[in-house]
Amino acid sequence: MPGLIERYRDRLPFSAGDPVISLEEGSTPLLFAPRLSERVGAEVHLKLEGLNPTGSFKDRGMTCAVSAAVRDGAEAVICASTGNTAASLAAYAARAGIRGVVIVPEGKIAVGKLAQALMYGARVISLAGNFDAALTLVRQVASVHPIALVNSVNDFRIEGQKTASFEIAEALGDLDALCIPVGNAGNITAYWKGFREVGLAPRMFGFQAAGAAPLVHGAPVAHPETVASAIRIGNPARWEQAMDAMTSSAGGVAAVTDAQILDAYRFLARQEGVFCEPASAASVAGLIAHGAGGAERVVCVLTGNGLKDPDTALSQVSGVVACAAEISAIEAAVL
Ligand SMILES: *Cc1c(COP(=O)(O)O)cnc(C)c1O
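Everything numeric here is computed off the predicted structure, so don't read it as measured data.

1. Considerations on unusual backbone geometry
Trans peptide bonds make up the majority, and among non-glycine residues the majority have a negative phi. If you check the backbone angles, A185 has positive phi at about 75° while not being a glycine. Tracing the chain through its elements places A185 in the loop between strand 7 (177-181) and helix 9 (186-197). A positive phi is found at A250, a non-glycine position, where the angle reads about 60°. Tracing the sequence through the fold places A250 in the loop between helix 11 (239-248) and strand 9 (252-256). By relative accessible area, A250 is classed as partly exposed at 44%.

What follows is the structure, encoded as structure tokens:
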């Protein structure tokens with residue numbers, strides 16, 4: 001499949017002849033989830049965004065943000081990140097042949113994401129502070145230096161990410177509700193924009209981790225904490241737009257505990273054969289815990305791949321079975 005800009009150029013801010021930096025992102029599966037459907041009493045589909053080139057939906061926004069930066073002559077791109085934006089930026093910067101710089105909160109980023117950012121050759125800066133502090137600082141740096149800021153405050157990110165709604169509309173025709181994890185709130189903003197552009201208005205249900213739920217409390221959270229590191233954000237940049245998406249669609253925002261997130265995380269792997277990262281499971285945890293307003297056809301967005309965060313996965317399972325290299329021992333272990 002061609003990448004997003006090629007597929008949807010008529011609905012994106014790019015003209016024929018503009019540079020396109022693509023890894024053939026998008027066109028991700030929309031998988032029916034029979035066991036989850038049975039559990040919640042609705043027809044539930046999973047949008048598998050972990051199958052993008054760097055393993056998260058961030059690639060949709062990044063192809064647009066980096067293509068636009070290259071068009072504008074940028075020689076470097078920068079972001080603050082809980083991990084996936086860093087991995088995505090690093091890959092697209094490598095592809096474009098420009099410098100990539102990422103600022104991540106010290107010690108709070110999943111190991112797979114860190115490995116990706118370093119392998120793709122970005123400069124990775126570990127900040128003695130949280131995501132919100134990192135975002136404030138990169139905004140300052142980008143405002144005074146010729147470096148393009150590609151966090152979701154960059155409108156090209158929203159443009160790219162809205163294409164997931166186009167794909168859902170193409171696959172299903174219509175849906176009653178969308179369940180999505182909310183961190184910095186760019187993605188829910190993008191989905192709502194995309195749905196409006198194709199004439200749909202599903203109820204938008206955003207779910208935050210209980211320890212990082214500023215939209216639920218109506219106030220920033222100074223020290224956000226959750227196992228779902230991708231949504232460990234206390235002061236979302238797209239706050240008003242996310243609230244608008246949820247209120248004007250008659251949806252809502254609610255919190256899910258880490259225990260509920262991890263329960264959904266294991267359920268998806270064991271009952272549906274889908275391994276997402278913990279933050280992604282917040283959409284399903286929210287659907288299980290709070291429902292989706294009685295909706296019949298629901299899409300849950302699984303934002304990132306489970307392989308990103310092997311430490312959390314291994315903390316959730318019993319270990320491997322040790323065995324001597326003898327037939328009787330193998331038989332005992334297998335049977
Ligand atoms: C970035 C991210 C989110 C949160 O998206 P926002 O646009 O910041 O709300 C959720 N899950 C994963 C895996 C992410 O990488």
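2. Here's the deal with the site of the ligand
For the ligand, the set of nearby residues contains 16 residues, the closest of which are K58, N84, N184, A185 and T303. The contact in question runs from an oxygen atom of the ligand to an N or O atom on the backbone of N184, over 2.7 Å. N187 is positioned such that a nitrogen or oxygen atom in its backbone is 2.8 Å from an oxygen atom of the ligand. Its free accessible area being 380 Å², the ligand has 97% of it covered by the protein chains. For the shell around the ligand, the class distribution of residues is six nonpolar, eight polar and two charged.

3. Observations concerning the environment of A228
Residue position: A228 is located in the loop between helix 10 (214-217) and helix 11. Along the sequence, A228 and E326 sit 98 residues apart, while their C-alpha atoms lie 42 Å from each other. For A228, the residues in contact, after removing those within four places along its chain, are I261, P278 and A279.

4. Digging into the domain arrangement of the protein chain
Each assigned domain of the protein chain is listed here: domain 1 (4-56 + 156-315) and domain 2 (58-154). Once you take the C-alpha centre of each, domain 1 and domain 2 turn out to be 21 Å apart. Listed by partner, the interface residues are 48 residues for domain 1 and 39 residues for domain 2. Summing both sides of the interface, domain 1 and domain 2 together bury roughly 3,500 Å²; the carbon and sulfur share of this comes to 52%. When the buried surface of domain 1 facing domain 2 is broken down by residue, I21, F156 and R157 rank first, second and third, together holding 24% of it. Applying the counting criterion to the domain 1 and domain 2 interface returns five salt bridges. A salt bridge links E49 to R60; the shortest N-O distance between them is 2.5 Å. At the surface where domain 1 touches domain 2, the tally comes to 30 residue pairs in polar contact (both at pLDDT 80 or more).

5. Details of the sheet that holds strand 1 (residues 30-32)
Sheet strands line up and pair through hydrogen bonds in the backbone, either parallel or antiparallel. Spatially, the six strands line up as an open sheet ordered 1-2-10-7-8-9, and their pairing is mixed. Each of the sheet's edge strands pairs with one partner strand only, and the pair in question is strand 1 and strand 9. Between one strand axis and the next, the sheet turns through 25° on average, direction left out of account. Where strand 7 and strand 10 (residues 297-302) come together, three bridges link them in parallel fashion. When the sheet's bridge partners are listed, L178 is paired in strand 10 with V299.

6. Some points on the nonpolar core
Ranked by internal contacts, the top residues of the largest apolar core, which has 36 residues, are L46 and V298. Elements that contribute at least two residues to this core include exactly strand 2 (43-48), strand 7, strand 8 (203-209), strand 9, helix 12 (258-272), helix 13 (278-290) and strand 10. Among residues more than four places away in sequence, those in contact with V298 are A42, E43, V44, H45, A177, C179, L287 and A292.

7. Quick look at the packing of aromatic side chains
Here the distance between the centres and the angle between the planes together describe a pair of aromatic rings. If you walk through the whole model with that rule in mind, you get four aromatic pairs. Arranged with centres 6.3 Å apart and planes meeting at 50°, the rings of Y191 and F195 form a pair that is tilted. Pair noted here: Y191 and F195 are both in helix 9, with a separation of four residues, about one helical turn. Given the relative accessible area of 1%, Y191 is considered buried. Assessed through its relative accessible area of 0%, F195 is described here as buried.

8. Describing the pairing of strand 5 (residues 123-127)
With five bridges joining them, strand 4 (residues 99-105) and strand 5 adopt parallel strand pairing. Looking across to strand 5, one finds that I103 is bridged to I125. Read from strand 4 through helix 5 (residues 111-119) to strand 5, the crossover connection turns out right-handed.

9. Details of helix 12
Side chains that are three or four residues apart share a direction in an α-helix, a result of its 3.6 residues per turn. With 15 residues, helix 12 extends 20 Å between its outermost C-alpha atoms, agreeing within 8% with the 21 Å of an ideal straight helix rising 1.5 Å per residue. Listed in full, the buried residues belonging to helix 12 are I261, L262, A264, Y265, F267, L268 and E272. Where helix 12 terminates, the next one or two residues include G273, which has phi positive at roughly 70°.

10. Things to note about the environment of R266
As for its position among the elements, R266 is in helix 12. Overall, R266 belongs to the partly exposed group, its relative accessible area being 31%. Separated by 51 residues in sequence, R266 and V317 place their C-alpha atoms 8.9 Å apart. Of note is the side chain of R266, whose polar atom sits 2.4 Å from the side chain of Q316.

How each quantity is defined
- Residues numbered from 1 in each chain as written.
- Predicted model: local features only at pLDDT ≥ 70, side-chain atom pairs only at ≥ 80, totals over all residues.
- Heavy atoms only, no water.
- Helix = DSSP H or I, 4+ residues; strand = E, 2+ residues; numbered from the N terminus.
- Buried < 20%, exposed > 50% of the residue type's maximum accessible area, 1.4 Å probe, protein only.
- Near = heavy atom within 4 Å.
- Polar contact = N/O pair within 3.5 Å; in protein donor to acceptor, adjacent residues only side chain to side chain.
- Areas by Shrake-Rupley, 256 points an atom, 1.4 Å probe, with all protein chains shown as cover.
- Nonpolar A, V, L, I, M, F, W, Y, C, P; charged D, E, K, R; others polar.
- Contact = heavy atoms within 4.5 Å.
- Domains from an automatic or database assignment.
- Buried area = accessible area lost by both parts, 1.4 Å probe.
- Salt bridge = Lys/Arg side-chain N within 4 Å of Asp/Glu carboxyl O.
- Pairing = 2+ DSSP bridges.
- Axes fitted to C-alpha atoms, helices over the stretch in contact; angles between N-to-C directions.
- Core = buried A, V, L, I, M, F, W, Y, C linked by side-chain atoms within 4.5 Å.
- Phe/Tyr/Trp six-rings, centres within 6.5 Å; stacked < 30°, edge-to-face > 60°.
- Right-handed = clockwise from strand over helix to strand, strands pointing away.
- Expected span 1.5 Å × (residues − 1).

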